[in-house]
Structures are given as C-alpha cells and as structure tokens.
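Secondary and tertiary structure notes
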Amino acid sequence: RLKDEILSAVPTLCLERARIYTRVYREGEGLPIVRRRARALQATLEEMSIYIGEGELIVGNHSSRPKAAPIFPEYAVAWILKEADGIDKRPAESYMATDAEKEELKELCAFWKGRTLQDRAESLLSPELKEIHDSGMIRAEGNMTSGDGHVAVDMPKVLALGLSGYAGLVAAADAQVDLCELEGLKRRQLYLGMAQVLEGTIAFIRRYAALASNMAVDCADPVRKAELETIAATCAAVAGPAPATFREALQLTYFIQLVLQIESNGHSVSLGRMDQYLEPFYARDLAQGRITREFARELLSCAWLKLVAIKKVRSWSHTRYSAGGPLYQNVTIGGLTREGKDAVNPLSYLILESVGDMRLTQPNLSVRYHKGMDENFLKAVVEVICKGFGMPAFNNDEVVIPAMQGLGVSLEDSRDYSAIGCIEVAVPGKWGYRTTGMSFLNLMRVLLATLDDGKDPKSSR
C-alpha cells in the first residue's frame, strides 16, 4: 500500500525551503557564506513541514508532501524564471504548481539574481571559455546549477559517535582556534556553522519524536498506536546519543541521508557499505531477541520507500537527458573487508532480498564481486537480477582495488570502497569525487569541427 501511494503520487513543487533560504540569506547578508548556509539549513530543519504517513515505520520527509520537489534558489534561478510557467506542461518530469505558486516562485527568485552559484561560476569564465560553453560543445551546467553530491559519508563514525558526539568534536576543535590568526578567524566561522547544523539536525529529529508521540495519543488503533510510540522512542533515542539498536541505527542513517539532500540538491548522495556498518546492530538485536529477520527486512523495505519518495526538479536541458528523476542513491553490499576477507554477512542477504522485494528505482544497489565471494550469495544476486528491474549492478574488486591503490589510496581504504551514484567508486568519508557527469564533452562535434578547420557546423563558430 505504501509503495502504491508513493508511486501514484503526482509530483509537485514545494516552496518552503526556498522561502526560508531567501529570508535567511536576505537577513544575513553581512555574514560569511558558510554561516549563511548553516543558518538557512538550521532554520529549514526547524521550520519546514513534517509529517508521518499512515503505516510508515521509518520517518522523515524531504519536503511538505511525498514527491514534492523543493527549490534550491542559491544554486541557480535563470532556468526557473524561464521555465516556471510551463513546468506543469513538460512532456516528461512535469511538476504540478498553482498559478499563485508560480508567481511566488518568480518573486523569490528575483532576490537571487546575481547571487547564485551559477552567476559566480559564469563570471569566472574567460570570453573564450564562455563562447565554448555557450556553443554546447562542452557544458558544465550540472556543476554550475546544483550542489555537488557524489559522496558517501563516514556512516560508521556517525553511528559510533551520534550527533552529540559530533557536536563535542566541533566544540573541541573550536576551543583550539587561535583568533589572533586570519586562518583561525575563518575556522571559527566554519565551526560555528557546523554547530548550527548539528543543532538544527537534532531539533529536526526531535520534532518527529514529538509528532509521533502526539499522533499516538490520538490514535484509536492499538497496533498503529504502538508503532507510533516506538517511532517516537526511536527518534528520541537518536536525537543526540549514538544508536543502540538496529532500528535506531537505520533511522539515524536515513535522517543523515535526508538532511544531506535538504541541504544540497546534488545527486548521487550515497549510503556506502550499509551491510557492513549496520550488521553489528542487527546481529546484536537478533542474538538478544529484540528483532526478527522478517521485521528487519520490513524496516529496510520501508527505508527504500522513503528514498524513492524524494524528488528533485531539474532544468529541462538536464531533465531531457535524465527523465525519471534519478537520484542515484547507492547502497553497496558484499566485497572484501579492510582485512581482505569476504565481507558478505547475513545483512547483505537481507538488503539484497528487500531491494528485490520492492523493485524500485531507489536505492541503486551495487554488489562488490571478488573471486572469493560466497557462492550462495552470488546465486542470490543473480536471482534478483533475473527479476528484471536492472539491479543490482556489479563492481569488480579484482579491478577496482588495485586501481585505487595506483591512485595512492592505502590497501585498507581501497578494500573499503563503495559505489557512488551509478558507476563511480569512493572511500566513504575519506576519498572520492565525481568522475562522471562533471562536464559534458560532445566528441562528435569536436570531430566535425576538426574536419572543417576548427569551425563548429552547428554554431558556425
């Protein structure tokens, strides 16, 4: 039922984030950019609408409604102003918006003219580079109009420390700052921003704990009432302290994934080696009778539904090449441990099976293959591939690990890589950058220009 509701929901626009960011940036124009960004994210997490859908077990929303796309005006507004009136009439990836919403969106965007990432990026182009870019032979629109993404954070550290542990690290680093040095003054602003974001994230999670608690009071269904009470307790437990159970660890993992995407509209924000960092919680809960295999599988399926409900609106020039709204939120399973042993564990099977159950476009699931992989797991992977929805993909440890070592990554870190987005690889929390989609080079037009004394036949330049 939850899957049907999400897949049948009509994509819409959500202006809440744009309203909050515009207000905070307007009020704080004298602050360093790192502080304005932190303030805007904190305010968004503290003020945006939240909800808990009927039957949900994992909670947290990206915008005010399922499949409602927030607006990120700090990155680019030129395409929004150009396309706002017709965004509900696109031949693909259209978003419903009322006339009033369209007008408000244009008013919000007016503030950002000359202030966006795209404005700054284009101002740095030389006349020659701008001419090449405008010709379309080389385009870097993705980097100019969106957050970068293409990362997997150090989730094991997040789960070990909790948000309050991270706040302690920031406070300790800030205490060492030398305010008599220019670099110290800059770092102080960074640490103040970090503290604000952590404060906002904790408040965000506590809002869900309060909402679930209030909903439980008014709930007449005893089964759902108990579920809401558990949701409230789970959110309260991870709003600061490190998680203690599998459910708490999975819920905090999703909250981190969610906040990263509320902050930035970059693609390919990925979840790393989920079977490795969640397995200790699962094994402990299973041994102590706190969870069953079937319920853990259900919780994972609920998490995948939350991932597929996230929508991001792109310009038509981008959308026409990526219809379907892919976000490339990758989960990696299998592979080798840092010590070089087969990393497949019981949770690897559960993640594989739950993704196969749901047959969704999110998350992207990648399996790390190596010659010592458990044969039963390999057969299970093939069975899911046979379901015909394009997942999981394979990454070959026999190729990737030596290649990463060749780039200077240590053997242990190379063994700990995860897939990012669709086909990239990185070491979560340590190393990685987008290796695809950074710029688009039209090699055929370069060839045609080469054959015609350097003249591009399309632009006549």
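See above for the structure.
All of these numbers come straight from a predicted model, not from anything done at the bench. (Residues numbered from 1 in each chain as written. Predicted model: local features only at pLDDT ≥ 70, side-chain atom pairs only at ≥ 80, totals over all residues. Heavy atoms only, no water.)

**Focus: a nonpolar patch on the surface**
On the surface, a cluster of nonpolar side chains totalling about 940 Å² of accessible area is made up of Leu 129, Ile 132, Ile 138, Leu 441, Leu 443, Met 444, Val 446, Leu 447, Leu 448 and Leu 451. Of all the secondary structure elements, the ones that give two or more residues to the nonpolar patch are α7 (127-135) and α21 (443-451). The dominant element in the nonpolar patch, judged by the number of residues it contributes, is α21, at 6 residues. As for its placement among the helices and strands, Leu 447 is situated in helix α21. Residue Leu 447 is classed as partly exposed on the basis of its relative accessible area of 43%. (Patch = residues over 30% accessible without salt bridge, like charges linked within 9 Å, V, L, I, M, F, W, Y side chains within 5 Å. Areas by Shrake-Rupley, 256 points an atom, 1.4 Å probe, with all protein chains shown as cover. Salt bridge = Lys/Arg side-chain N within 4 Å of Asp/Glu carboxyl O. Helix = DSSP H or I, 4+ residues; strand = E, 2+ residues; numbered from the N terminus. Buried < 20%, exposed > 50% of the residue type's maximum accessible area, 1.4 Å probe, protein only.)

**A word on the environment of Leu 378**
Note on placement: Leu 378 falls in helix α18 (residues 375-385). Taking C-alpha positions, Leu 378 is 40 Å from Arg 139, a pair spaced 239 residues apart along the chain. Leu 378 has contacts with Tyr 369, Met 373 and Phe 394, leaving out every residue within four places of it along the chain. (Contact = heavy atoms within 4.5 Å.)

**Overview of the nonpolar core**
Ranked by size, the top nonpolar core spans 105 residues in total, and within it Phe 204, Phe 246, Leu 250, Leu 278, Trp 304 and Ile 351 carry the most contacts. Setting aside its immediate chain neighbours within four residues, Phe 204 contacts Leu 45, Met 48, Ile 50, Asn 61, Phe 255, Leu 258, Val 259 and Ile 262. Listed in part, the 7 residues of the second largest apolar core include Leu 336, Val 400, Met 404 and Tyr 417. (Core = buried A, V, L, I, M, F, W, Y, C linked by side-chain atoms within 4.5 Å.)

**Structural notes on the pairing of strand β7 (residues 330-334)**
When a strand is regular, its side chains alternate between the sheet's two faces. Across the 5 residues of β7, 5 count as buried, placing the element largely inside the fold. One ladder, built from 5 bridges, connects β7 with strand β8 (residues 364-369); its direction is parallel. Residue pairing for β8: Val 331 is matched across the bridge by Leu 365. A crossover links β7 with its parallel partner β8, the connecting element being helix α17 (residues 346-358), and its sense is right-handed. (Pairing = 2+ DSSP bridges. Right-handed = clockwise from strand over helix to strand, strands pointing away.)

**Examining the packing of helix α2 (residues 16-27) against helix α3 (residues 33-47)**
Helices that pack against each other are described as a pair by the angle of their axes relative to one another and the distance between those axes. Between α2 and α3, the shortest axis-to-axis distance is 9 Å and the interhelical angle comes to 140°. As judged from the angle between their axes, α2 and α3 are oblique. The crossing of α2 and α3 is right-handed. Within the contact between the two elements, α2 uses Arg 17, Ile 20, Tyr 21, Arg 23, Val 24 and Tyr 25 and α3 uses Ile 33, Arg 36, Arg 37, Arg 39, Ala 40, Leu 41, Ala 43, Thr 44 and Glu 47. For the contact of α2 with α3, the class distribution of residues is 8 nonpolar, 1 polar and 6 charged. (Axes fitted to C-alpha atoms, helices over the stretch in contact; angles between N-to-C directions. Parallel < 35°, antiparallel > 145°, perpendicular 65-115°, else oblique. Left-handed = near helix turned anticlockwise from the far one by under 90°. Nonpolar A, V, L, I, M, F, W, Y, C, P; charged D, E, K, R; others polar.)

**Focus: the sheet that holds β7**
Strand order in the open sheet formed by 4 strands is β6-β7-β8-β9, with parallel pairing between adjacent strands. The sheet is open, and its two edges are formed by β6 (272-273) and β9 (393-396), each paired on a single side.

**As for helix α19 (residues 397-406)**
Inspection of α19 places Asp 397, Val 400, Ile 401 and Met 404 among the buried residues, and these make up the whole buried set. For α19, the buried positions fall inside an angular range of 95° around the axis, keeping them on one side. Pointing more than 90 degrees away from the buried face of α19 are the exposed residues Val 399 and Gly 406. Its buried side turned inward, α19 meets β8, β9, α20 (411-415) and β11 (424-426). (Arc of directions from axis to C-beta.)

**Some words on unusual backbone geometry**
The omega torsion of the bond from Gln 362 to Pro 363 falls at 0°, within 30 degrees of zero and hence cis. Take Pro 363: it is sitting in the loop between α17 and β8. Although it is not a glycine, Glu 93 adopts a positive phi angle of roughly 50°. Positionally, Glu 93 belongs in the loop between α4 (78-83) and α5 (99-112). When its relative accessible area of 18% is taken as the criterion, Glu 93 is described as buried. Phi is positive for His 150, close to 55°, though the residue is something other than glycine. Here His 150 lies in the loop between α8 (141-145) and β4 (151-152).

**Let's talk about empty space enclosed by the protein**
A complete count under the given rule lists 5 cavities of 30 Å³ or more for this structure. Considering the residues around the largest cavity, the lining is formed by Cys 14, Glu 16, Arg 17, Thr 44, Met 48, His 62, Ser 63, Pro 70 and Ile 262. Considering only residue class, the lining of the largest cavity consists of 4 nonpolar, 3 polar and 2 charged. (1 Å grid on protein atoms, 1.4 Å probe; cavity = no way out; pocket = protein on both sides within 12 Å on 5 of 7 lines; lining within 4 Å. Points joined across faces, edges and corners; volume = space filled by probe spheres on them.)

**Observations regarding helix α14 (residues 279-287)**
Turning to α14, its buried residues number three or more, namely Glu 279, Phe 281, Tyr 282 and Asp 285. Along α14, the residues classed as buried sweep out an arc of 160° about the axis, all on the same side. Where the residues of α14 are buried, they touch α9 (155-175), α12 (246-263), α13 (274-277), α15 (293-308) and α17. Of the residues one or two after α14, Gly 289 is the one with positive phi, at around 75°.

**A short note on the side chain of His 267**
Within the secondary structure, His 267 sits in the loop between α12 and β5 (269-270). His 267 gets classed as buried once you look at its relative accessible area, which sits at 9%. Beyond its immediate sequence surroundings of up to four residues, His 267 is in contact with Gly 147, Asp 148, Gly 149, His 150, Arg 314, His 318, Leu 327 and Tyr 328.

**Points about the pattern of salt bridges**
Side chains that carry opposite charge are capable of pairing whenever their charged atoms lie near each other. Summed over the entire model, instances satisfying the criterion amount to 27 salt bridges. Across the pair Glu 27 and Arg 23 runs a salt bridge whose closest N-O atoms are separated by 4.0 Å. Placement of both Glu 27 and Arg 23 in helix α2 is noted, with a separation of 4 residues, approximately one turn of the helix. Overall, the relative accessible area of 60% leaves Glu 27 in the exposed class.

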